Amino acid sequence: MPAVLRRRACLALVAALGFAVPAGLSPAARADTISATVSGTPTGQTMGPGFVGVSFEYRALHQYTGRDPLAVDPVLLRLVAGLAPGQAPVVRIGGNSTDTSWWPVRGMIAPGGVTYRITPGWLRTTQAFARDLRARLILGINLEAGRPAMAVAEARAFLSGIGRRYIDALEIGNEPDLYGVFPWYRDRRGHLHWSRSHRYKLPAYTQQFTQWSRALPNLRLAGPATSAPWWMGGLGHFIWTERHRLGLVTYHRYPLRACTTNPADPTFPSIPHLLADSSSAGLAAPLARYARVAHAHRLPFRIAEMNSASCEGAPGVSDTFASALWALDTLFNFAAAGVDGVNFHMLPGSNYELFTVSHDASGNWQAFVHPEYYGLMMFAQAFPPGARLQKVSAAGGPVKVWATRAPDGTERVTVINQDTLNGHDVSVSVPGATMAGSLETLDAPNVASTDRVMLGGQSFGDETTTGTLPGPPSTSPVAPAGNAYTVSLPPGSAALLTIPPAPAPAPPSGGGGGGL
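Residues numbered from 1 in each chain as written. Predicted model: local features only at pLDDT ≥ 70, side-chain atom pairs only at ≥ 80, totals over all residues. Heavy atoms only, no water.

> Would you explain the side chain of Ser-97 in this entry?
Among the structural elements, Ser-97 can be located in the loop between strand 3 (90-94) and strand 4 (101-102). Within polar-contact distance, the side chain of Ser-97 engages the backbone oxygen of Gly-94 at 2.9 Å. Excluding residues that lie within four positions of it along the chain, Ser-97 makes contacts with Glu-57, Tyr-58 and Arg-59. (Helix = DSSP H or I, 4+ residues; strand = E, 2+ residues; numbered from the N terminus. Polar contact = N/O pair within 3.5 Å; in protein donor to acceptor, adjacent residues only side chain to side chain. Contact = heavy atoms within 4.5 Å.)

Here it is as structure tokens:
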């Protein structure tokens, strides 16, 4: 075999196994130019505010905010706001700690599965966090304990301690489809305790949702908070049954499982599996049906918890630049499917953490921003509120092309190269476009990089003390040839092409008419 072919074969094998190709060894060959056409025909719904949000655990929230309501971590505030610029962010607080937390009830002993106590101090700081962000909170309500009195006490504490203006919805339970699958807790003797039997299904959950809703304060409720596709088959009946209180349909999704140990399993966490279409377009495809059911009942449909891999993510996958490319493409796929918003779950020490915060003895906060966050930032720029997706015709393969049009006529075309071996030239035709565009890039040394990510030539660096990029993005002009713009993408990278609307034609000048 010729040396060049041996070299490419080795590189392909390395990439297939999920390892990074060293930058100096990347093949110089560039594939043929890929053509894409933006039709100009809008599709899907208008992007609403707060589409990209975050999700925290009850027990971990104050590791991000701090415990002083008069001095909430300013770096955190700017990082969360950066995912919804100029908007009220939607923040979900829940996860597994939804069903292991409680507001103490007088005369009641905490059930064995409850390990976290919500305090007045927690409420004060959470209210300050929401106030400083102008955030809308989705708050998980304990269902697994099976005690409505606990849920009512918790909700009343949220209402009085945080305030109705900051509460978007109460999400009843967390992934109740798993109550009969995984034990709720292990006691001191090592005995495992399940909160429900393995026969606990959507009808039983619906019955308890009704019971809880009748007791809870008059706040918007969210559910079914499930991760099970087989439960979602009964979504229409659930919505109809709970139509008087249900205000938000929530679902949880992860494409991969960090707990999976078989590399042949398509959910095994690896970079090739994360960048496969099954983890983005395939993850989104079933959501279109659920969104239609929710919208038919005039309810928003939100993925209230998601990230790259369940079980707190996988090192070498969830914390790499590949997760930024995956998140960017997946968010477009979700929006195309009719999803109304997404919350990326994170907790300290997890492999899918968007940013890791810390503070010194003087109380100064700083954060290390992980690669995935950069992908979310580019999406927020590429699909602002009020914009709509435009239909795009392009060949299939590892290069993804998405386009949006804002109400002011600005076109934004996002091109994602998930090919880890080859760069690609992409010729994007935008009918009617005549103005020079500006190109902003998203790149890193390679898809396995855990740092040195650059968005528009800017980086948060080893740590940020501000929560913002150091300056405006660096862009390069792209002049059209006819109405086609050529974008050159290195292996494993993305770019955002912004095309301003053509100026309105000048009104005709007044002619020198004859006077009387």
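On we go from here.
> Is there a simple way to think about the pairing of strand 18 (residues 388-394) in this case?
Each regular strand displays side chains that alternate between the two surfaces of the sheet. Alignment of strand 1 (residues 34-43) against strand 18, held across five bridges, turns out to be antiparallel. In the strand pairing of strand 18, Pro-42 is matched with Gln-390. Across three bridges, strand 18 lies against strand 19 (residues 399-405) in antiparallel orientation. By the bridge assignment, Gln-390 is partnered in strand 19 with Ala-403. Once strand 18 ends, the chain turns through four residues before running back antiparallel as strand 19, passing Gly-397 with a positive phi of about 130 degrees. (Pairing = 2+ DSSP bridges.)

> Which parts of the structure should I look at to understand the state of the cysteines?
In protein structure, a disulfide is the covalent linkage between the sulfur atoms of two cysteines. Taken as a whole and assessed by the stated rule, the structure comprises one disulfide. Between the sulfur of Cys-259 and that of Cys-311 lies a disulfide, 1.6 Å long from S to S. The S-S bond linking Cys-259 to Cys-311 shows a torsion near -115 degrees; that makes this disulfide left-handed. One end of the pair, Cys-259, is in the loop between strand 12 (256-257) and helix 9 (271-275); the other, Cys-311, is in the loop between strand 14 (309-310) and helix 12 (321-336), and 52 residues separate them in sequence. Taking relative accessible area as the criterion, Cys-311 reaches 38% and is therefore assigned partly exposed. (Disulfide = S-S within 2.5 Å. Buried < 20%, exposed > 50% of the residue type's maximum accessible area, 1.4 Å probe, protein only.)

> Can you walk me through the nonpolar core in this structure?
Across soluble globular proteins, nonpolar side chains show a tendency to be buried alongside one another. The biggest cluster of nonpolar side chains holds 119 residues, and the ones touching the most others in it are Trp-122, Phe-158, Phe-301 and Phe-355. For this core, the leading source of residues is helix 12, giving 11 residues. For Phe-355, the contacting residues outside a window of four places in its chain are Tyr-64, Leu-76, Leu-79, Val-80, Met-346, Phe-368, Val-369, His-370 and Tyr-373. Core analysis: the next-biggest nonpolar cluster, separate from the first, contains 20 residues, Val-415, Leu-439, Val-487 and Leu-489 among them. (Core = buried A, V, L, I, M, F, W, Y, C linked by side-chain atoms within 4.5 Å.)

> When you look at helix 5 (residues 148-161) in this model, what are you seeing that I'm missing?
Helical geometry: 3.6 residues make up each α-helical turn, so side chains three or four residues apart lie on a common side. Between its first and last C-alpha atoms helix 5 spans 20 Å; for 14 residues at 1.5 Å apiece the expected length is 20 Å, and the two agree. Within the span of helix 5, buried status applies to Met-150, Ala-151, Val-152, Ala-153, Glu-154, Ala-155, Ala-157, Phe-158 and Gly-161. Here the buried face of helix 5 lies against strand 4, helix 4 (120-133), strand 6 (136-141), strand 7 (167-172) and helix 6 (202-215). Looking one or two residues beyond helix 5, the residue adopting positive phi is Gly-163, at roughly 105 degrees. (Expected span 1.5 Å × (residues − 1).)

> When you look at the pattern of salt bridges in this model, what are you seeing that I'm missing?
Tallying each qualifying case throughout the model produces eight salt bridges. For the salt bridge of Glu-305 with Arg-92, the shortest nitrogen-to-oxygen distance reads 2.6 Å. Note that Glu-305 is positioned in strand 13 (residues 301-306) and Arg-92 in strand 3, a separation of 213 residues in sequence. In this structure Glu-305 comes out as buried when scored by relative accessible area, which is 6%. Its salt-bridge partner being Arg-452, residue Asp-451 comes within 3.8 Å of it at the nearest N-O pair. Here Arg-452 falls in the exposed class, since its relative accessible area comes to 60%. Shared partners join several salt bridges into a network, and the residues in it are Arg-92, Glu-171 and Glu-305. (Salt bridge = Lys/Arg side-chain N within 4 Å of Asp/Glu carboxyl O.)

> Help me understand the packing of helix 12 against helix 13 (residues 371-382) in this model?
Their axes nearest at 7 Å, the elements helix 12 and helix 13 cross at an angle of 30 degrees. In terms of orientation, helix 12 and helix 13 fall into the roughly parallel class. Of the two elements, helix 12 crosses helix 13, and the hand of that crossing is right-handed. Of the residues in helix 13, those touching helix 12 at Phe-321, Ser-323, Ala-324, Trp-326, Ala-327, Leu-328, Leu-331 and Phe-332 are Pro-371, Glu-372, Gly-375, Leu-376, Met-378, Phe-379 and Ala-382. (Axes fitted to C-alpha atoms, helices over the stretch in contact; angles between N-to-C directions. Parallel < 35°, antiparallel > 145°, perpendicular 65-115°, else oblique. Left-handed = near helix turned anticlockwise from the far one by under 90°.)

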